[in-house]
Amino acid sequence: MAALNRSTLRRLQNLPQIPSVWEGDRRPLSNADSHMMLDDDDVLEAGGECILWVDGSEGVVRAMDMVGPDAGPEAIVRALLRAMEHPQSPAPAVRPQKIVVKNREIQFYLRGVLQDLGISIDYVPELPLIDEIFRGMEEVAINRPPELPPQYAEVLMEKAAQIWQDAPWRTLSEHQIISIEINQWDVASLYVSVLGQGRMDYGVLLYRSLESLKRFRERVVNNDESFEDLEQAFLGQDCLFLTFESAADIDEDDDEIDLADLPPSEIEPNFGNLHPLEGLRSILYEEEALTMLVALEAFHRFFRNGRRKLGSDTFPSLSSRYRIPVPQPDGEIQQVSVKVSTMPDVSDELLQMLGDEDDDEDEDDDDFDKPLLRDDLVPQNSFLSLGAVPWETVEFLRQNVQFHQGAEIDINTAGDGLPVVMIQTSHPKAKTMIQDLKEAGGVKGIGFNPGENPFQDEQYDLGILQTKNGELYLFGEFNEDDPVHQEARKKWDRRCKLTNGWCGLIIAKGLMGASRGQPQFKDMIALLEVRWVSAKDLGIGPLQLMPMF
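Residues numbered from 1 in each chain as written. Predicted model: local features only at pLDDT ≥ 70, side-chain atom pairs only at ≥ 80, totals over all residues. Heavy atoms only, no water.

Caption draft 1: Summary view of the overall build of the protein chain. A tally of regular secondary structure across the protein chain gives 14 helices and 23 strands. The buried share of the protein chain, taken over its 549 residues, is 45%. Long-range pairs, those at least 24 residues apart, make up 68% of the contacts in the protein chain with a sequence separation of at least 6. As displayed, the protein chain has an accessible area near 29,300 Å², and 48% of this comes from carbon and sulfur atoms. (Helix = DSSP H or I, 4+ residues; strand = E, 2+ residues; numbered from the N terminus. Buried < 20%, exposed > 50% of the residue type's maximum accessible area, 1.4 Å probe, protein only. Contact = heavy atoms within 4.5 Å. Areas by Shrake-Rupley, 256 points an atom, 1.4 Å probe, with all protein chains shown as cover.)

Below you can see the structure in the form of structure tokens.
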């Protein structure tokens, strides 16, 4: 048995001792009780236990702890010492005269540990105050409404699975808004914004008003907003939402995990409501559930029927009407007429907000035409390398890769091979990257541009892909002082001169396998033969890392 050290004993002995009786106990809790008592980040799985120390004379809780079922009796003592020295209720630091418990093992353990503190530890068959507290928690847990109304829970989960299967974020950007006219349950129209093109948060937001949507977008693009202001902007939205997360516990800092790479069985939908006066609520009540059911089914049908047109270069003007079946409590089916339409004008207005923000930061008119350097094409933690592929290998890849973008002319096969950028990532992410490049019309060129981090006094060589639709994508940051990169760049420039300015991009799978860093032929799934582009031709000038607040 562990014993208190002498300094702790002296500190506790110096506490005033009052003629009060404290109750103490340790009891298992259901998962619902745990959710009710703790913040989401601290919720324990079912099987957690609660330790309570209550001042029976004053009727106040002095300490409460949630522990795992395997925690030893030391946890009870830790909670008791905190109840004495640092009570969670506004009460002075004191020692009780007497402690009562209803567990013999706890009684004997406390007697051994506390024998020098002058506290009487007795056994009693009942602890009325603690019993009352636990009964109250159980009643609250029982009366807590479910996250979804039971009669609509199954069908809503089916609709969520449809949306995940549709993956509208592969086609629609957040600013491309779709309206759903419902005219039911005090909702005239909902305005859908899709999350997911940034491959971070996936879902759909269904705003109850365009004003709320525009107001939030304006505040998000305002660089002067502090974190607290952005949090208030988030809580000030008026919308229903459906988001997706992993059903398994994943470290939030693990950049390697992309939900889109997981099988559908590991994806968990979350429904909820945001309102300026309610904040965030992860519960849908009956009318909200019905609204969400109709809206998701209507959006699913509209997206499925118009996917090809919605994926065009310009956001088209489309409109369709649907009759959505809604189950009624009496078993009947109500048909709700819904109109779904794209909103090109609103989408242009939202996109213009981003354009205006960029314009405000540029003082020189010549800068307005500079393309934005994006970093959302190459998956994080990809393996990057500069090198050359022998000409016989190039010919083999041309015939065998899943995607090949050939050169407009015959490339001069001088030197030891085609200079290439190799990007190796997971198979799902490689396929997504190839699809993104296809949608951009392919790759026009590969180049390098100077960059610097003034805070660390570091100079960088920024690897850039230029797509045929004019976008610029960062594929790598290379320290200019790195001798390995310096040598690789010299060889790269020399080889590009020998090929008359032609180079290649190879996309490979197998990042986590035995071929990591050295992909085999079977791992190379895309070859794009493109032009080498100088920093001058890129036209963006030296780039500088700026702080983000």
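Read on, since the account is not over.
Caption draft 2: Inspection of helix α11 (residues 391–400) at higher detail. By the burial criterion, the buried members of α11 are W391, T393, V394 and L397. The buried residues of α11 all sit within an arc of 150° when viewed along its axis, so they share a single face. Opposite the buried face of α11, by more than 90 degrees, sit the exposed residues E392 and Q399. Each element contacted by the buried residues of α11 is listed here: β15 (383–389), β17 (418–424), β21 (502–508) and β22 (524–533). (Arc of directions from axis to C-beta.)

Caption draft 3: Representation of the pattern of salt bridges. Enumeration over the complete set of coordinates arrives at 23 salt bridges. Where D523 meets K522, a salt bridge forms, and the shortest distance between an N and an O atom there is 3.4 Å. Among the charged side chains, a salt-bridge network with shared partners connects R208, D238, E278, R281 and E288. (Salt bridge = Lys/Arg side-chain N within 4 Å of Asp/Glu carboxyl O.)

Caption draft 4: Layout of the packing of aromatic side chains. Evaluation of the coordinates by the stated rule reveals 11 aromatic pairs. Residues W169 and F244 carry aromatic rings whose centres are separated by 6.0 Å and whose planes lie at 65° to one another, so their mutual orientation is edge-to-face. Of this pair, W169 sits in the loop between α6 (150–166) and β6 (178–184) while F244 sits in strand β9 (residues 239–246), and the two are 75 residues apart along the sequence. Both residues of the pair, W169 and F244, belong to the buried class. The rings of W164, W169, Y202 and F244 are connected pair by pair, giving a single aromatic cluster. A cation over an aromatic ring shows up here: R104 above the ring of Y123, its NZ or CZ 3.7 Å from the ring centre. The residue whose ring lies beneath R489 is F448, and the NZ or CZ to ring-centre distance is 4.4 Å. (Phe/Tyr/Trp six-rings, centres within 6.5 Å; stacked < 30°, edge-to-face > 60°. Lys NZ or Arg CZ within 6 Å of the ring centre and 35° of its normal.)

Caption draft 5: Fine view of the packing of helix α3 (residues 74–85) against helix α4 (residues 104–113). Where α3 contacts α4, the axes come no closer than 10 Å and their chain directions differ by 60°. Classified by the angle their axes make, α3 and α4 are oblique. Note on packing geometry: the crossing formed by α3 with α4 is right-handed. Across the interface between the two elements, E74, I76, V77 and L80 from α3 touch I106, Y109, L110 and V113 from α4. Considering only residue class, the contact of α3 with α4 consists of 7 nonpolar, no polar and 1 charged. (Axes fitted to C-alpha atoms, helices over the stretch in contact; angles between N-to-C directions. Parallel < 35°, antiparallel > 145°, perpendicular 65-115°, else oblique. Left-handed = near helix turned anticlockwise from the far one by under 90°. Nonpolar A, V, L, I, M, F, W, Y, C, P; charged D, E, K, R; others polar.)

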